[in-house]
Amino acid sequence: VAGGPDCDASAGGDACIGVCASPEPPVEDEFVCPTEQVTECDPDVWGDNSCPPPGTEELLCLNDCQGPFVPSGFAVTCGCSPDGTVICSGVGCAVFQCPPELEQQEGDQCGGFQAIGCAEGLVCTDVAGGPDCVASAGGDACIGVCANPVLDAELSLDTGAESIAIPSVGGGALTDFSVSSTLVSSSVEYAVVFRNQWSSARHPVDYPGDAHWSPPVVAAHNADYEMWSGGGMASPGVQEVAETGGTGTITAELDDAGDSVGAFVVGGGVIFNSVTQFIELPVLTVDEDKNILSGISMVAPSPDWIAGFNGFVPVVDGMWLESFTIESQPYDAGTDGGETFAAGNVPLDPATEMFELTPDTTPGGDIFVLDGEILPVASWEFKLI
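Just so it is clear, the structure is predicted and the values come from calculations on it, not from any experiment.

**Observations regarding the overall build of the chain**
Then, in step 1: Of regular secondary structure, the chain possesses 3 helices and 26 strands.
Then, in step 2: Burial status across the chain gives 44% buried among its 385 residues.
Then, in step 3: Of the roughly 19000 Å² that the chain leaves accessible, carbon and sulfur atoms contribute 50%.

Dropping the structure here:
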């Protein structure tokens, strides 16, 4: 009992009369992040890490030592030591290990050496191909971005240093994707599945009893070739697909495109919706020079309606997508004026531009419509093999 009358206070309970008590935890020096420039490395504070000479850093660390991690305005560079700590040099030395009390919002940085978390409902997603880590490491092992578990196809991810735009697609929407660690400089192969979504439950008005799809066609090409697009004119090959489901003319067009088109594949046959809900296409080879994908199939029977996609580049920040799904809306090829699935041939001369069938443009305002909207009629699923 310090200060007691029975013995010297420094003697301790075992050498005199003491009092039983719970041991007190050792007092640890509290680490405080610096609020001003550091001019020296104090081993008692910073441990054995010493200031590296400027220019010797091997890796670029979180946010270039800016933002909440170092007071803004410091002209510093960062290096990562083997044990994962961070050393800043250029205006002094500092090792930062303060876990910031942050719950980053969507698009904010996360992960990193401080394992910065995201707000509830968000996950830390790796930024593939970033300079801070390998794409497969994941957000917790390097700098990531807070995002919804299923990314919105229109989302642009803010990494602090740059924005990574999610690829756009014509004719439909990208609904799901993941990024691989394979550089776009490598040729890759994709397994392709065409899946039916056109049904009497989703598209009840005038749904035909013999609803089916023509053999789907998917091609890899460069910007010098365009298979089809909303607002464009249908080629003879696209017209044949849209009106009859035939693929002979469009495959001839692909062959005639020469170096503008790489590999292309055609599905094995007609897909009747009441029997088969999906079909596996042959493997599609894609390379850096022909990295644009387009696809098409006929909504059958119909005057000239198709579903597909166009102009999609399956690349994010220099890496091929590991897998992705595109959902397609119905389009009018602009070559036939029929207004029902079973309408007779009504050639349009001149033809019109291709256009999406929406509640405002679909014949009668109700074909394909359910509760005031038109749901996707098909999907295209791709996966690296």
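Structure's up, so let's keep going.
**What about the packing of aromatic side chains?**
Then, in step 1: Inspection of every chain in the model, using the stated rule, returns 16 aromatic pairs.
Then, in step 2: Between Phe-194 and Trp-213 the ring centres are 5.3 Å apart and the planes differ by 80°, which places this aromatic pair in the edge-to-face class. Of the two residues, Phe-194 sits in strand β12 (residues 188-196) while Trp-213 sits in strand β13 (residues 212-213), which places them 19 residues apart along the sequence. Judged on exposure class, the residue Phe-194 and its partner Trp-213 are both buried.
Then, in step 3: For the pair Trp-198 and Trp-213, a centre-to-centre distance of 5.8 Å together with 75° between the ring planes defines the contact as edge-to-face. Residue Trp-198 is found in the loop between β12 and β13, and its partner Trp-213 is found in strand β13; the two are separated by 15 residues along the sequence. For the pair formed by Trp-198 and Trp-213, the shared burial category is buried.

**Quick word on the nonpolar core**
Then, in step 1: Counting 43 residues, the largest nonpolar core has Tyr-190, Trp-213, Val-218, Phe-309, Phe-324, Phe-368 and Phe-382 as the members making the most contacts within it.
Then, in step 2: Dropping the residues within four chain positions of it, Phe-368 is found in contact with Trp-198, Arg-202, His-203, Val-299, Trp-305, Pro-330, Phe-341, Leu-357, Thr-362, Glu-373, Ile-374 and Val-377.
Then, in step 3: Membership of the second largest hydrophobic core comes to 18 residues, among which are Val-238, Ile-296, Met-298 and Tyr-331.

**Details of the confidence of the model for the chain**
Then, in step 1: Overall, the predicted model of the chain reaches an average pLDDT of 75, with 63% of residues at or above 70.
Then, in step 2: Confidence drops under a pLDDT of 50 for residues 128-138, and excluding neighbours within four residues, the segment shows 24 contacts in the predicted structure.

**Considerations on helix α2 (residues 236-244)**
Quick reminder: α-helices carry 3.6 residues per turn. Residues three or four places apart thus point the same way.
Then, in step 1: Among the residues making up α2, those that are buried are Gly-237, Val-238, Val-241 and Ala-242. In a view along the axis of α2, the buried residues occupy a sector of 130°, so they form one face of it. For α2, exposure combined with an orientation more than 90 degrees from the buried face picks out Pro-236 and Thr-244.
Then, in step 2: Against α3 (248-256), β18 (292-300) and β19 (305-312) lie the buried residues of α2.
Then, in step 3: In the segment just after α2, Gly-245 is the residue with positive phi, at about 85°.

**Examining α3**
Then, in step 1: For α3, every residue scored as buried is listed here: Ile-250, Thr-251 and Leu-254. Seen end-on, α3 carries its buried residues on one side only, within an arc spanning 100°. Pointing more than 90 degrees away from the buried face of α3 are the exposed residues Asp-255 and Asp-256.
Then, in step 2: Where α3 ends, the next residue or the one after it, Gly-258, has phi of about 60°, a positive value.

**Section: the packing of α2 against α3**
Then, in step 1: Where α2 meets α3, the axes come as close as 7 Å, and the angle between the chain directions of the two elements is 155°. On the basis of the axis angle, α2 is roughly antiparallel to α3. Read as a crossing pair, α2 and α3 show a hand that is left-handed. Each of Pro-236, Gly-237, Val-238, Glu-240 and Val-241 in α2 lies in contact with α3, whose residues at this interface are Gly-248, Thr-249, Ile-250 and Glu-253.
Then, in step 2: Partitioned by chemical class, the residues of the contact of α2 with α3 number 4 nonpolar, 3 polar and 2 charged.

**With respect to the side chain of Asn-273**
Then, in step 1: Inspection of the secondary structure assignment puts Asn-273 in the loop between β16 (271-272) and β17 (278-286).
Then, in step 2: Under the relative-accessibility criterion, Asn-273 is labelled buried at 6%.
Then, in step 3: When sequence neighbours within four positions are dropped, the list of residues in contact with Asn-273 reads Asn-196, Trp-198, Tyr-207, Ala-211, His-212 and Trp-213.

**Some words on the pattern of salt bridges**
Then, in step 1: Under the counting rule described, the total for this entry stands at 1 salt bridge.
Then, in step 2: Here Glu-381 ties to Arg-195 by a salt bridge, and the two come within 2.7 Å at their closest N and O atoms. Placement of the pair is Glu-381 in strand β26 (residues 378-384) and Arg-195 in strand β12, with a sequence separation of 186 residues.
Then, in step 3: On the accessibility criterion, Arg-195 (29% relative accessible area) is partly exposed.

Conventions we followed
- Residues numbered from 1 in each chain as written.
- Predicted model: local features only at pLDDT ≥ 70, side-chain atom pairs only at ≥ 80, totals over all residues.
- Heavy atoms only, no water.
- Helix = DSSP H or I, 4+ residues; strand = E, 2+ residues; numbered from the N terminus.
- Buried < 20%, exposed > 50% of the residue type's maximum accessible area, 1.4 Å probe, protein only.
- Areas by Shrake-Rupley, 256 points an atom, 1.4 Å probe, with all protein chains shown as cover.
- Phe/Tyr/Trp six-rings, centres within 6.5 Å; stacked < 30°, edge-to-face > 60°.
- Core = buried A, V, L, I, M, F, W, Y, C linked by side-chain atoms within 4.5 Å.
- Contact = heavy atoms within 4.5 Å.
- pLDDT = per-residue confidence, 0-100.
- Arc of directions from axis to C-beta.
- Axes fitted to C-alpha atoms, helices over the stretch in contact; angles between N-to-C directions.
- Parallel < 35°, antiparallel > 145°, perpendicular 65-115°, else oblique.
- Left-handed = near helix turned anticlockwise from the far one by under 90°.
- Nonpolar A, V, L, I, M, F, W, Y, C, P; charged D, E, K, R; others polar.
- Salt bridge = Lys/Arg side-chain N within 4 Å of Asp/Glu carboxyl O.

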